[in-house]
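Descriptive structure summary
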Number of protein chains: 2
Amino acid sequence: MAQKTALIVYAHQSAGSFNAAVRDVAMQELVEQGYKVIVSDLYAMKFKANATQDDIIGDLKNPELFQYGEETMHAWLEDRLSDDIKAEQHKVKEAELIIFQFPLYWFSVPAIMKGWMDRVLTQGFAFSLQKMYNNGVFKDKKAMLSFTTGATQTMFQPDGINGDINITLWPLQNGTLHFCGFQVLAPQIFWSPVHSTPAVRTAMLDGWRARLKGLLAERPLTFAPCELFDLSFQGKFLLRPKVKEEQESQPYGLTTGHHLGKPLPPDNQVSAQASGGRK
Amino acid sequence: MAQKTALIVYAHQSAGSFNAAVRDVAMQELVEQGYKVIVSDLYAMKFKANATQDDIIGDLKNPELFQYGEETMHAWLEDRLSDDIKAEQHKVKEAELIIFQFPLYWFSVPAIMKGWMDRVLTQGFAFSLQKMYNNGVFKDKKAMLSFTTGATQTMFQPDGINGDINITLWPLQNGTLHFCGFQVLAPQIFWSPVHSTPAVRTAMLDGWRARLKGLLAERPLTFAPCELFDLSFQGKFLLRPKVKEEQESQPYGLTTGHHLGKPLPPDNQVSAQASGGRK
């Protein structure tokens, strides 16, 4: 049997950081499980974040009106993406599991990691209008966010000063990872390690190590499958009337984003549901 | 009276783009209203997105463990941030209004604009633990997102394939702009200009020009004021019990993020409320 591969996309500037320690625990634990582990250390690689014409080798299709999405789609089809993008795409293709390891910057990933998403997950390679969400290109792969915060956990509760962390995670987990088809594992959130004692930080790492032992057997987060929607311009990409009707008697919306004017399903973006989906 | 200043932070690669046309309309209209308009054309400036040690001039406080937030806070205090950051901070200080103009990439800003946020909005300059949200540093300034999408409007409804746009906007509007104190004006969303006819695109620009005439008189979006929370470690940065109790009889949560287990207040992140806040 071929060796399984995991990719860690890592964005911290310092080898002495807690993020580095978290990455190292993942590497050790996954190697122990027989994985080949590849790390893309974005700052060490001086990874280019900006989406520019330099990402395309050779002539542009439309030099007067440069449209990044269009041009990179054509370039991918014709094997004319820049070498750094191709190298990352090769890693993604090889990996069964991708872990994004980063400190939360402005309720999201640092720019260098957003650049990885903008430039590596190009149309054709990572998605198409036919292949998205649960029918997406990477539907047989798993991905997850693992991140540190400055804020405490209560600050990101629905009644905390920053509001519900489930809302904050939606654009990344639904809009990016699941959009490309990934089964998204529950995020690993390290709440405010910088304000924690060394003993608490050690306990956080121990908890992460313990979780990693069963990580690949975890049920992924629940999203709304494409089949519930009429994915046509006539159907306006809306929930099918029959599904909408069925949902009327439910106490909660389908997902954080598909709330349908009801209370959000609790912790839809931070923990997998025991039932594994819509009942 | 001193001339008023507006800053447009602009992120598109092509002068022939619809985003460029939208920016030009804003420039013309604001100049007509007597504004001095500054444009930060991020791609043209080859704006550095990555948060690195090069952003700090001189010695680091802790070279063994480089913490970007800490180091840039000290560097700001001691006037040791890199020249490109200082130049942008100067523009922010001068501006009464900031418009972020961009195409939506992965449910968020392009990496180059995320880099502007990560690097320019440093602790001390843009926020502190004492100065955030409605008490934030920039509470007398206005800011807004103006962006184009590939998706249609219905795709971003609560019953559309991508889920509610209000959720997608939360990390940017609450977590970044309002966190720094900005009064956030309703976003200007250009739905799928690439799939629209020239006549529709022209109508979009006309609508934008018309909105700009009254832009500065608009009521900003509603967020949850700090005073509703106990902003102490003992109070856990949670909603005050009395406020929580008061909210129990309300049909909706306070904001998109502070939903309190209730249905979200409709369009909290896309349109200003007539009542201008909590009743």
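Predicted model only: the values in this text are computed from it and were never measured. (Residues numbered from 1 in each chain as written. Chains lettered and ligands numbered in written order. Predicted model: local features only at pLDDT ≥ 70, side-chain atom pairs only at ≥ 80, totals over all residues. Heavy atoms only, no water.)

Notes on the overall build of chain A
A tally of helices and strands in chain A yields seven helices and eight strands. Relative to its length of 279 residues, chain A is compact, with a C-alpha radius of gyration of 20 Å against a globular reference of 19 Å. Across the 279 residues in chain A, those meeting the buried criterion constitute 59%. Residue pairs in contact within chain A that sit at least 24 positions apart in sequence constitute 72% of those at least 6 positions apart. Total accessible area on chain A is roughly 11,300 Å²; 54% of this is exposed by carbon and sulfur atoms. (Helix = DSSP H or I, 4+ residues; strand = E, 2+ residues; numbered from the N terminus. Rg over C-alpha atoms; globule rule 2.2 N^0.38 Å. Buried < 20%, exposed > 50% of the residue type's maximum accessible area, 1.4 Å probe, protein only. Contact = heavy atoms within 4.5 Å. Areas by Shrake-Rupley, 256 points an atom, 1.4 Å probe, with all protein chains shown as cover.)

Describing the environment of Arg 240 of chain A
Residues and elements named next belong to chain A. Mapped onto the elements of the fold, Arg 240 is located in the loop between strand S8 (238-239) and helix H7 (241-247). For Arg 240, a relative accessible area of 37% puts it in the partly exposed group. Ignoring any residue separated from it by four or fewer positions in sequence, one finds Arg 240 in contact with Glu 227, Leu 228, Phe 229 and Asp 230.

Some words on the relation of the copies chain A and chain B
The transform that puts chain A on chain B rotates by 180° and translates by 0.0 Å along the axis, for an RMSD of 0.0 Å. The operation mapping one copy onto its partner corresponds to a two-fold rotation axis. Minimal C-alpha separation from the rotation axis in chain A is found for Pro 263 of chain A, amounting to 2.2 Å. A shared interface surface links the copies, since 100% of the contact residues of chain A are contact residues in chain B too. (Least-squares fit on C-alpha atoms with pLDDT ≥ 70 in both.)

Observations concerning the environment of Gln 28 of chain B
Residue and element names in this part refer to chain B. The topology assignment puts Gln 28 in helix H1 (residues 18-32). For Gln 28, a relative accessible area of 47% corresponds to the partly exposed category. Here the alpha-carbon distance between Gln 28 and Ile 161, two residues 133 residues apart in the chain, equals 36 Å.

Considerations on the nonpolar core
Here is a general trend for soluble globular proteins: nonpolar side chains tend to be buried in one another's company. Counting residues in each nonpolar core, the largest one holds 138 residues, and the members touching the most others are Phe 100 and Trp 116 of chain A together with Phe 100 and Trp 116 of chain B. Dropping the residues within four chain positions of it, Trp 116 of chain A is found in contact with Leu 7, Val 9, Leu 42, Phe 47, Glu 88, Val 92, Phe 100 and Leu 121 of chain A. (Core = buried A, V, L, I, M, F, W, Y, C linked by side-chain atoms within 4.5 Å.)

A word on the side chain of Asn 50 of chain A
Inspection of the secondary structure puts Asn 50 of chain A in the loop between strand S2 (36-41) and helix H2 (68-77). Asn 50 of chain A gets classed as buried once you look at its relative accessible area, which sits at 12%. Polar contacts involving the side chain of Asn 50 of chain A include one to the main-chain carbonyl oxygen of Phe 47 of chain B, which spans 2.8 Å. Those residues within four positions of Asn 50 of chain A in sequence are excluded, and the remaining contacts are Asp 55 and Arg 119 of chain A together with Tyr 43, Phe 47, Ala 49 and Ile 112 of chain B. (Polar contact = N/O pair within 3.5 Å; in protein donor to acceptor, adjacent residues only side chain to side chain.)

Notes on the packing of helix H5 (residues 165-177) of chain A against helix H5 (residues 165-177) of chain B
Any two packed helices are characterised by the angle at which their axes cross and by the distance between the axes. One can describe the packing of H5 of chain A onto H5 of chain B by two numbers: an axis separation of 8 Å at closest approach and a directional angle of 100°. It follows that H5 of chain A is roughly perpendicular to H5 of chain B by the angle criterion. Here H5 of chain A contributes Ile 167, Thr 168, Trp 170 and Pro 171 of chain A to the contact with H5 of chain B, which in turn contributes Ile 167, Thr 168, Trp 170 and Pro 171 of chain B. Looking at side-chain class alone, the contact of H5 of chain A with H5 of chain B contains six nonpolar, two polar and no charged residues. (Axes fitted to C-alpha atoms, helices over the stretch in contact; angles between N-to-C directions. Parallel < 35°, antiparallel > 145°, perpendicular 65-115°, else oblique. Nonpolar A, V, L, I, M, F, W, Y, C, P; charged D, E, K, R; others polar.)

Let's talk about unusual backbone geometry
For Phe 237 of chain A, which is not glycine, the phi dihedral falls at a positive 60°. Turning to its location among the elements, Phe 237 of chain A is positioned in the loop between strand S7 (229-230) and S8. Residue Phe 237 of chain A is classed as buried on the basis of its relative accessible area of 8%. The backbone phi angle of Leu 260 of chain B is positive, close to 55°, even though this residue is not glycine. Note on placement: Leu 260 of chain B falls in the segment after helix H7 (241-247). Residue classification places Leu 260 of chain B among the partly exposed residues on the basis of a relative accessible area of 21%.

Brief notes about the pattern of salt bridges
Residues and elements named next belong to chain A. Tallied over the entire structure, the rule returns 32 salt bridges over all chains. Residues Arg 119 and Asp 55 are paired through a salt bridge, measuring 2.9 Å at the closest nitrogen-oxygen approach. Here Arg 119 is found in helix H4 (residues 111-120), whereas its partner Asp 55 is found in the loop between S2 and H2, with 64 residues between them in sequence. There is no split in this pair, since Arg 119 and Asp 55 are both buried. The partner of Arg 211 in a salt bridge is Glu 218, and the shortest N-O contact between them spans 2.8 Å. Look at Arg 211 and you get buried, because its relative accessible area is 15%. Here Glu 218 falls in the partly exposed class, since its relative accessible area comes to 22%. Overlapping salt bridges bring together Lys 48, Asp 55, Asp 84 and Arg 119 as one network. (Salt bridge = Lys/Arg side-chain N within 4 Å of Asp/Glu carboxyl O.)

Brief notes about the packing of aromatic side chains
Tallying each qualifying case throughout the model produces 30 aromatic pairs over all chains. Positioned over the ring face of Tyr 10 of chain A is Arg 23 of chain A, at 4.4 Å from the centre of the ring. (Phe/Tyr/Trp six-rings, centres within 6.5 Å; stacked < 30°, edge-to-face > 60°. Lys NZ or Arg CZ within 6 Å of the ring centre and 35° of its normal.)

Points about the interface of chain A and chain B
On the chain B side, the residues contacting the 71 residues of chain A number 71 residues. Roughly 5,600 Å² of surface becomes buried between chain A and chain B when both sides are summed, with 64% attributable to carbon and sulfur atoms. Summed over the three residues of chain A that lose the most area to chain B, namely Trp 106, Asp 159 and Ile 161 of chain A, the buried surface amounts to 16% of that side. The salt bridge involving Asp 159 of chain B is made with Lys 244 of chain A; its shortest N-O contact spans 2.6 Å. Applying the counting rule to chain A against chain B returns 36 residue pairs in polar contact (both at pLDDT 80 or more). Looking at the side of chain A that touches chain B, the elements with two or more residues in it are H4, H5 and S8 of chain A. Here the side of chain A that touches chain B takes seven residues from H5 of chain A, the largest share from any one element. Of the residues that constitute the side of chain A that touches chain B, the class distribution is 38 nonpolar, 25 polar and eight charged. (Buried area = accessible area lost by both parts, 1.4 Å probe.)

Things to note about empty space enclosed by the protein
Applying the stated criterion across every chain, the model contains one cavity of 30 Å³ or more. Computed from the structure, the largest cavity encloses a volume of approximately 120 Å³. If you trace the largest cavity, you find 15 residues lining it, with Ser 108 and Pro 171 of chain A together with Phe 107, Ser 108 and Pro 171 of chain B closest to the centre. For the lining of the largest cavity, the secondary-structure elements that each account for two or more residues are H5 of chain A together with H5 of chain B. Considering every element that reaches the lining of the largest cavity, the biggest residue donor is H5 of chain A, with four residues. (1 Å grid on protein atoms, 1.4 Å probe; cavity = no way out; pocket = protein on both sides within 12 Å on 5 of 7 lines; lining within 4 Å. Points joined across faces, edges and corners; volume = space filled by probe spheres on them.)

Nothing here speaks to function; it is geometry throughout.
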